[in-house]
Amino acid sequence: MNISAMIKLTISMAIFGSIGFFTVNTGIPALELVFVRCIFATIFLSLMWYLTGGHKTEQWNKKEIYQTILCGVFLVLNWVFLFKAFEEMAISITISIYNLAPIFVLLLGTLFLRERLTIQGIMAIATCFVGSIFIVGIGNFQSIEQFMNSGFVWALLSAICYALTMFTSKTLQSLSPYATTFIQTIVGVVMLLPFSNFDVFVGLTGMNWLFIIGTGLIHTGFVYYLFFDSIRNLPTIVVSVLTFVDPVVAILLDTLLLDFRPSLLQSLGILLVFGGIVLTILKPRKQSI
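The sections below set out a description of the structure shown in this document. Per-chain numbering applies: the sequence of each chain, read as written, is numbered from 1 onward. In keeping with the predicted nature of the model, local features appear solely for residues at pLDDT of at least 70, side-chain atom pairs appear and are counted solely at 80 or more, and the whole-chain, interface and lining totals rest on all residues. Here the side-chain values reflect all heavy atoms present in the structure, with hydrogen atoms and water set aside.

### Some details on helix H10 (residues 152-169)
Step number 1: The end-to-end C-alpha distance of H10 is 26 Å, a good match for the 26 Å that 18 residues give at a rise of 1.5 Å each.
Step number 2: For H10, every residue scored as buried is listed here: Phe 152, Ala 155, Ser 158, Ala 159, Cys 161, Tyr 162, Ala 163, Leu 164, Thr 165, Met 166, Thr 168 and Ser 169. A run of H or I in DSSP becomes a helix once it reaches four residues, and a run of E becomes a strand once it reaches two; helices and strands are each numbered from the N terminus. Helices are assigned an expected span. That span is 1.5 Å times one less than the residue count. Exposed residues in this analysis have more than 50% of their type's maximum accessible area, buried residues have under 20%, and partly exposed residues fall in between, with area computed by a 1.4 Å probe over protein chains only.

And the structure:
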């Protein structure tokens, strides 16, 4: 087992768990936050890439460049949807839905890699589905308007894009983590520039800028360097287990610092979602469909 890769992934997930706390203190909308964090991350990664001399020894692979660009599109959409969800729902609720990503990875493997869906996998999907309804609240599913305003759709779209990010990045080998993350943050700048409203940056406080820069340098540049450097050196089962560090940290911070108190039904839903995710990383049974 690659202990160094495990430590890097654990650190990245622990730091990423605080992103919700940072996001709600930036004072700007989701799209503009992702745009500015991509700028800061690109600057940070460029500097680190240059100082380490990695740009001189980079092994460029055309196929992996295209794959990284596609991965970058999914990653940026994942950020935008996640931050939109933070605007509508509590951090703990959003993160619980967001961490349905392993379920979607399971479905992607079934659809595109011809992996057979086991009975255990079906149980995991059903458990997470019921848990998601409990988390958002049954009342929010009684009308389309309530459902759309709950933030559930944004969180779900974020989970899907996160799954697509993991799915498309798992086979990257030639490009360094610097090159991988650099390309993806550049994709973010290009994607979001035409849609960004720069008026939202007027009148921000110094504390707002501190949280904005933090999400760019720490949660984007540093975290995703660690993430892409570690994920390629670890088996899927280990990656799936260590991603639990992210929601644990997020829920603790939401509870301790933002005074979030889930209802009994929401607590049950959170347990069901994580129980379903655990089913996806346990050794599958022989039965399949």
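Resuming the write-up.
### Let's talk about the packing of aromatic side chains
Step number 1: Classification of ring pairs uses Phe, Tyr and Trp, with its six-membered ring standing for Trp, and accepts pairs whose centres are within 6.5 Å; under 30 degrees between planes counts as stacked, over 60 as edge-to-face, and the remaining range as tilted. Scanning the model with the defined rule gives 12 aromatic pairs in all.
Step number 2: Ring geometry for Trp 49 and Phe 182: centres 5.3 Å apart, planes at 50 degrees, overall tilted. Separated by 133 residues along the polypeptide, Trp 49 in helix H3 (residues 30-51) and Phe 182 in helix H11 (residues 177-192) bring together distant segments of the chain.
Step number 3: Relative accessible area serves as the criterion here: at 22%, Phe 182 is assigned to the partly exposed category.
Step number 4: Between the aromatic rings of Phe 201 and Trp 209, the centroid separation amounts to 5.9 Å while the plane-to-plane angle is 20 degrees, which identifies the pairing as stacked.
Step number 5: Three or more aromatic residues link up through ring pairs in this structure, and these residues are Phe 35, Phe 198, Phe 201 and Trp 209.

### Regarding the environment of Ile 3
Step number 1: Of note, Ile 3 is situated in helix H1 (residues 3-16).
Step number 2: On a C-alpha basis, the gap between Ile 3 and Leu 234 in space is 9.3 Å, while along the polypeptide they are 231 residues apart.

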